[in-house]
Amino acid sequence: MPIPILMYHQIDEPPPRRSPGRGLWVPPARFGRQMRLMHRLGYRGLSMRELMPYIRGERSGKVFGITFDDGFHNVYQYAMPELDALGFTATNYFVCGQISGSNVWDRPLGIRPAALMSLAEMRRWHEGGHEVGSHTLDHVDLLRMTPAEARRQIAHSKDELEQLLGVPVTAFCYPYGSQDASHRMMVRDAGYANATITARGLARASDDPFGLPRICVYCGTGTLGFLRKCLTAHEDRWRQAQGLFRP
Ligand SMILES: [Zn+2]
């Protein structure tokens, strides 16, 4: 069964219309409605760690993946209580060099700065049953790095997060979705178990576990659009059209 892995960034009131990157904010009330809707339909939202057996076909059930990129404080503030109330878990991909910092990498794009989780918040996220994944040390575009620097960004971020938390970190997400086959191999060799990209689609057993597609939920994604993204084969038809579909 193909499984949707949702991709969110910030859960907060979006900046004014036409602001750069506005689509990546989802208002807290809307996020809450989306989660409660899936819950009412009998679905359970899971972190990547808990979702992988379902993707591999070892377990079956009505599940979907929940991921957040970048480790924003507003996810801790607004999304975590909603997830906890429903018994859902999620993965947040942290930028190791910016814990307690802000999304400095977004500044050149004119995107409004926002606080990232502190170390204490990241630990509470983890202790609450949610997953801490890595999003490199500095939110770099791996395709623009030398192989040695790409490897450092991938492997050292894992080591540092593991030292901070005292548990294995097995989920990775490529900043900007930017990667090639060599980066996927570096992620595997570093000891991660899975990695997500930004390509659209439902995840399936035949997918490379180090290149799992996701479904981006935008600020303007309404209830119907959300359901269509999650529950229909629409995304798979799109993949088929792009020649990305492997049954
Ligand atoms: Zn990111």
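The rules we used
Residues numbered from 1 in each chain as written. Predicted model: local features only at pLDDT ≥ 70, side-chain atom pairs only at ≥ 80, totals over all residues. Heavy atoms only, no water. Helix = DSSP H or I, 4+ residues; strand = E, 2+ residues; numbered from the N terminus. Rg over C-alpha atoms; globule rule 2.2 N^0.38 Å. Buried < 20%, exposed > 50% of the residue type's maximum accessible area, 1.4 Å probe, protein only. Contact = heavy atoms within 4.5 Å. Areas by Shrake-Rupley, 256 points an atom, 1.4 Å probe, with all protein chains shown as cover. Lys, Arg positive; Asp, Glu negative; His and termini not counted. Charge placed at Lys NZ, Arg CZ, Asp CG, Glu CD. Axes fitted to C-alpha atoms, helices over the stretch in contact; angles between N-to-C directions. Parallel < 35°, antiparallel > 145°, perpendicular 65-115°, else oblique. Left-handed = near helix turned anticlockwise from the far one by under 90°. Nonpolar A, V, L, I, M, F, W, Y, C, P; charged D, E, K, R; others polar. Core = buried A, V, L, I, M, F, W, Y, C linked by side-chain atoms within 4.5 Å. Donors = N, O, S within 2.8 Å, 3.2 Å for Na, K, Ca; no water. 1 Å grid on protein atoms, 1.4 Å probe; cavity = no way out; pocket = protein on both sides within 12 Å on 5 of 7 lines; lining within 4 Å. Points joined across faces, edges and corners; volume = space filled by probe spheres on them. Expected span 1.5 Å × (residues − 1). Bend = angle between axes of the 7 residues up to and from the residue.

## Concerning the overall build of the chain
Summing up its helical and strand segments, the chain has 8 helices and 10 strands in all. Radius of gyration (C-alpha) of the chain: 17 Å, near the 18 Å computed for a compact globule of 247 residues. Along the first, second and third principal axes, the C-alpha set of the chain runs to 45 × 40 × 35 Å. Looking at the chain residue by residue over its 247 residues, the buried ones come to 51%. Expressed as a percentage of contacts within the chain between residues at least 6 apart in sequence, the contacts between residues at least 24 apart total 65%. Carbon and sulfur atoms form 53% of the exposed surface of the chain, whose accessible area is close to 10900 Å². Once the 30 positive and 24 negative side-chain charges of the chain are each reduced to a mean point, those two points are 8 Å apart.

## Quick look at the environment of Leu116
Mapped onto the elements of the fold, Leu116 is located in the loop between β6 (91-94) and α4 (119-127). Sequence spacing of Leu116 and Phe94 is 22 residues, and the spatial spacing of their C-alpha atoms is 8.7 Å. If we skip the residues at most four places from it in the chain, Leu116 touches Asp70, Gly71, Phe72, His73, Gln98, Ser100, Gly101, Ser102, Asn103, Trp105 and Glu121.

## Notes on the packing of helix α3 (residues 73-86) against α4
Relative to each other, α3 and α4 sit at 20 degrees, their axes nearing to 11 Å. Taken together, α3 and α4 sit at an angle that is classed as roughly parallel. In terms of crossing hand, the pair formed by α3 and α4 is left-handed. Contacts between α3 and α4 involve His73, Val75, Tyr76, Met80 and Leu83 on the former and, on the latter, Glu121, Arg124 and Trp125. For the contact of α3 with α4, the per-class residue count stands at 5 nonpolar, 1 polar and 2 charged.

## Description of the nonpolar core
In a soluble, globular protein the nonpolar side chains are often hidden away together inside. Counting 53 residues, the largest nonpolar core has Tyr8, Met35, Phe68 and Trp125 as its most contacted members. By residue number, the principal contributor to this core is α3, which donates 6 residues. Those residues within four positions of Met35 in sequence are excluded, and the remaining contacts are Leu6, Tyr8, Phe64, Ile66, Glu82, Leu83, Leu86 and Phe88. With 14 residues, the next largest nonpolar core counts Leu46, Met52, Ala203 and Leu212 among its residues.

## With respect to the coordination of the zinc ion
Within the first shell, the zinc ion binds the protein through Asp70 (OD), His135 (NE2) and His139 (NE2), at distances of 2.1 to 2.2 Å. In primary sequence terms, the donor set of the zinc ion follows D-x64-H-x3-H. Remark: His135 occurs in the loop between β7 (131-134) and α5 (147-165) and Asp70 occurs in strand β5 (residues 63-70); sequence separation between them is 65 residues. Asp70 gets classed as buried once you look at its relative accessible area, which sits at 5%.

## A closer look at empty space enclosed by the protein
A complete count under the given rule lists 1 cavity of 30 Å³ or more for this structure. Size it by volume and the largest cavity reaches roughly 50 Å³. Taken together, Arg49, His126, Glu131, Val132, Leu165, Val167, Pro168, Val169 and Thr170 make up the full set of residues lining the largest cavity. The residue inventory of the lining of the largest cavity, partitioned by class, reads 5 nonpolar, 2 polar and 2 charged.

## A few points about α3
Taking 1.5 Å as the rise per residue, α3 with 14 residues should run 20 Å; its terminal C-alpha atoms sit 20 Å apart, in good agreement. The largest bend along α3 reaches roughly 40 degrees and is located at Ala79, with the proline Pro81 sitting one to four residues downstream. Listed as buried for α3 are Asn74, Val75, Tyr76, Ala79, Met80, Glu82, Leu83 and Leu86. Summarising the contacts, the buried residues of α3 are in contact with β2 (10-11), α1 (28-40), β5, β6 and α4. Residue Gly87 follows α3 closely and has a positive phi angle near 75 degrees.

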